Amino acid sequence: VERMTERIGERLAERVGERVGERVGERLVEGVGERLAERSAERMVERGAELALQRAGQGAARHIVGRTIGESLRMTEHAAMHALKALRVLVPFVGMLFVIHLAEHDRHRFIEEWKAKRSVSCGLFAIALLGDVTDVLAHVCVICAGLVHIDHGFLHAVENYGMGFAVMACLSVVAGEIMSTKSQRRELKAKTKAVAKFVALAHTSP
């Protein structure tokens, strides 16, 4: 009876120990698994948040760069348009000053030929002066077109007329200088003949 009681006690102790060990092991495994799952979940949430912030930052950076480039191009375009508008006024203004200088020179030549009584060359320089004045007026019209709106067809016609009168003035100046040179040669020959005749008469007189 005692041996049976001991055997039963040992068996019960073994079973209780096994059951306790199993329960403790299960608890430990469950605890470790739970902690690992929690840590993994936390890391996944943190990583997802980091990726979301990184993507948001990249998107914001791209938007800032795109906006900056767009505004820079817009400002450059605005400056270029203003520069073109300034050139539309500046270039014909410089051309007008040059034509005014030519007109002043033609006016002096007209006065010289008028005083020398060279009618042909005087008339040619008068035509050149008229062409210069008309060309100056055409330049004034082009300058105004750069500041205010003027009909494109009218402006094109004015530019064509101005160019035509400029060509006419140039040809008139060339012809006037040629005729003036010929007239001066004739005058010089006439003076030379008069002086030679005077000298001859002086030698032949007693």
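Above this text is the structure in question.
Novice: Explain the layout of surface pockets residue by residue, including any values.
Specialist: Unfilled space is identified by rolling a water-sized probe across the atoms. The space that makes up the largest pocket amounts to roughly 160 Å³. Lining the largest pocket we find Asp135, Ala138, His139, Val142, Glu159, Gly162, Met163 and Ala166. Those elements that place two or more of their residues in the lining of the largest pocket are α2 (119-147) and α3 (152-204). A breakdown of the residues in the lining of the largest pocket according to their chemical character gives four nonpolar, two polar and two charged.

Novice: Report on the nonpolar core, specifying residues and quantitative values.
Specialist: By size, the foremost hydrophobic cluster in this structure holds six residues: Ala138, Cys141, Val142, Ala145, Leu155 and Val158. When contributions to this core are tallied by element, the ones reaching two or more residues are α2 and α3. Tallying contributions element by element places α2 first for this core, with four residues. Ignoring any residue separated from it by four or fewer positions in sequence, one finds Val158 in contact with Ala138 and Cys141. Judged by nonpolar contacts, the second largest core, of five residues, contains Met96, Val99, Val136 and Ile143.

Novice: So what about the state of the cysteines? Which residues, and what values?
Specialist: Put plainly, two cysteines are in a disulfide when a covalent bond ties their sulfur atoms together. Scanning the model with the defined rule gives zero disulfides in all. In this model Cys144 remains outside any disulfide bridge; the closest cysteine sulfur is found in Cys141, 6.6 Å from its own.

Novice: Lay out the pattern of salt bridges with the relevant residues and their values.
Specialist: Scanning the model with the defined rule gives six salt bridges in all. For Glu104, the salt bridge goes to Arg107, with nearest N and O atoms at 2.8 Å. With Glu104 and Arg107 both in helix α1 (residues 2-115), this residue pair falls three residues apart, about one helical turn. Taking relative accessible area as the criterion, Glu104 reaches 35% and is therefore assigned partly exposed. The class for Arg107 is partly exposed, based on a relative accessible area of 33%. In this structure, Arg118 engages Glu187 in a salt bridge whose closest nitrogen and oxygen atoms are separated by 3.2 Å. Of this pair, Arg118 sits in the loop between α1 and α2 while Glu187 sits in helix α3; the two residues are 69 residues apart in sequence, bridging distant segments of the chain. Each of Arg109, Glu112, Glu113, Arg118, Glu177 and Glu187 takes part in salt bridges that share partners, so that together they form one network.

Novice: Residues and numbers for a positive patch on the surface, please.
Specialist: A cluster of like positive charges, contributed by Lys182, Arg185, Arg186, Lys189, Lys193 and Lys197, occupies part of the molecular surface. With respect to the helices and strands, the residue Arg185 is situated in helix α3. Arg185 gets classed as exposed once you look at its relative accessible area, which sits at 58%.

Novice: Can you lay out the packing of aromatic side chains for me, pointing to particular residues and giving the numbers?
Specialist: Taken as a whole, this structure holds one aromatic pair when the rule is applied. Centroid distance Phe110 to Trp114: 6.3 Å. Interplanar angle 35 degrees. Geometry classified as tilted. Note that Phe110 and Trp114 are positioned in helix α1 at a spacing of four residues, about one turn of the helix. Judged by its relative accessible area of 25%, Phe110 falls in the partly exposed class. Exposure remark for Trp114: the relative accessible area of 62% places this residue in the exposed category.

Criteria and cut-off values
- Residues numbered from 1 in each chain as written.
- Predicted model: local features only at pLDDT ≥ 70, side-chain atom pairs only at ≥ 80, totals over all residues.
- Heavy atoms only, no water.
- 1 Å grid on protein atoms, 1.4 Å probe; cavity = no way out; pocket = protein on both sides within 12 Å on 5 of 7 lines; lining within 4 Å.
- Points joined across faces, edges and corners; volume = space filled by probe spheres on them.
- Helix = DSSP H or I, 4+ residues; strand = E, 2+ residues; numbered from the N terminus.
- Nonpolar A, V, L, I, M, F, W, Y, C, P; charged D, E, K, R; others polar.
- Core = buried A, V, L, I, M, F, W, Y, C linked by side-chain atoms within 4.5 Å.
- Buried < 20%, exposed > 50% of the residue type's maximum accessible area, 1.4 Å probe, protein only.
- Contact = heavy atoms within 4.5 Å.
- Disulfide = S-S within 2.5 Å.
- Salt bridge = Lys/Arg side-chain N within 4 Å of Asp/Glu carboxyl O.
- Patch = residues over 30% accessible without salt bridge, like charges linked within 9 Å, V, L, I, M, F, W, Y side chains within 5 Å.
- Areas by Shrake-Rupley, 256 points an atom, 1.4 Å probe, with all protein chains shown as cover.
- Lys, Arg positive; Asp, Glu negative; His and termini not counted.
- Charge placed at Lys NZ, Arg CZ, Asp CG, Glu CD.
- Phe/Tyr/Trp six-rings, centres within 6.5 Å; stacked < 30°, edge-to-face > 60°.

Don't take any of this as a statement about function, it's just geometry.
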